[in-house]
Amino acid sequence: MGAAENAELVRRGYEAFNAGDLETLGELFAEDAVWHAAGSGPLSGTKQGRDAVMAYFGELGARSQGSFQATVQDVVGGESHTVGIQQTTAESNGKTLDMATVIVFVLRDGQVVEGREFLEDPARSDEFWA
Amino acid sequence: MTDRDDGKVRAMGAAENAEVVRRGYKAFNAGDLSALRDLFAENVVWHAVGSGALSGTKLGRDEVLAYFAELGEQSQGSFRATVRDVLGGEKHTVGIHQTHAESDGKTLDMATAIVFVLHDGKIVEGREFSEDSALSDDFWT
């Protein structure tokens, strides 16, 4: 699959994520997908396998009373990586998270096999989820 | 000009922007701030990641170059940005690199992404993203 197709798949992933449609989202991930959640907070670290990745996405929603949104600014497709640039917003117990975020995806055969989050200030995100 | 020609022009711009960013990494790692300066617009804005001593927004080429020099000085010249990939898009050029620095027995080794905006072949904006800037905040303290 080419860079443009991979970028399109990542855009579909954002759409499903923001709609809370974890079933559609799950179909875009390989069974052995690995996800690296940024920072050193309670949700940070490596999630191994599609089930663990989807459980993590579910937690983001559950712990923000469903307010978590990843507003896409751009998706850039390359040969080895596909990069999503997004604004992350969430609210929880009077706290607000509003942070520019980058996710570096690796796709194989039209499925996400790896995702790595990068934040403009991971420490601030850790505080939000604490 | 046909739509297809238009598309080709845009695609070439993305490749050229990626090439400028790769040249920037090379100059940065060589400590060649003069070559680096040529790649930045005078009114460039740079957003340094995290909440540490060197974090925050740098306004203008002089401030951005001074920031880069600080990274080198405070790590006794050990700061390296090892490029993993550079992606050229229509609006953004993205650099993915491994940041490595050593200082006073401390080691920083962290995956980093930079989102660049280029206009007319010059960098007008850069925004750093890290997987765990608490590490870098501690390092630069």
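Here the structure is a predicted model, which is why all the values come from computation and not from measurement.

### Focus on unusual backbone geometry
All names here are of chain A.
Okay, step 1: Despite not being glycine, D109 shows a phi value in the positive range, around 50°.
Okay, step 2: Within the element layout of this structure, D109 appears in the loop between β5 (95-108) and β6 (111-119).
Okay, step 3: On the basis of neighbour counts, which here come to 7 C-beta atoms within 10 Å, the residue D109 falls in the exposed class.

### With respect to the interface of chain B and chain A
Okay, step 1: Counting residues at the interface gives 22 residues for chain B, matched by 23 residues for chain A.
Okay, step 2: Broken down by secondary-structure element, the contributors of at least two residues to the side of chain B that touches chain A are β3 (80-88), β4 (93-103), β5 (106-119), β6 (122-130) and α4 (133-140) of chain B.
Okay, step 3: Residue composition of the side of chain B that touches chain A, by class: nine nonpolar, seven polar and six charged.

### Things to note about the pairing of β4(B)
Residue and element names in this part refer to chain B.
Okay, step 1: Sheet topology note: the β3/β4 ladder contains eight bridges and is antiparallel. Looking at β4, one finds that V83 is bridged to H97.
Okay, step 2: Joining the antiparallel neighbours β3 and β4 is a turn of four residues.
Okay, step 3: Sheet topology note: the β4/β5 ladder contains 11 bridges and is antiparallel. Considered in β5, the bridge of V94 is made with V115.
Okay, step 4: Hairpin geometry of β4 and β5 is characterised by an intervening segment of two residues between the two adjacent antiparallel strands and by a positive phi of about 50° at D104.

### Examining the confidence of the model for chain B
Residue and element names in this part refer to chain B.
Okay, step 1: Overall, the predicted model of chain B reaches an average pLDDT of 89, with 90% of residues at or above 70.
Okay, step 2: Here residues 1-11 scores under 50 on pLDDT; set against residues more than four positions off or in separate chains, the count is two contacts.
Okay, step 3: Reported confidence for the predicted complex is 0.93 by ipTM and 0.91 by pTM.

Procedures and definitions
Residues numbered from 1 in each chain as written. Chains lettered and ligands numbered in written order. Predicted model: local features only at pLDDT ≥ 70, side-chain atom pairs only at ≥ 80, totals over all residues. Helix = DSSP H or I, 4+ residues; strand = E, 2+ residues; numbered from the N terminus. Buried ≥ 20, exposed ≤ 12 C-beta atoms within 10 Å, placed from the backbone. Contact = placed C-beta atoms within 7 Å. Nonpolar A, V, L, I, M, F, W, Y, C, P; charged D, E, K, R; others polar. Pairing = 2+ DSSP bridges. pLDDT = per-residue confidence, 0-100.

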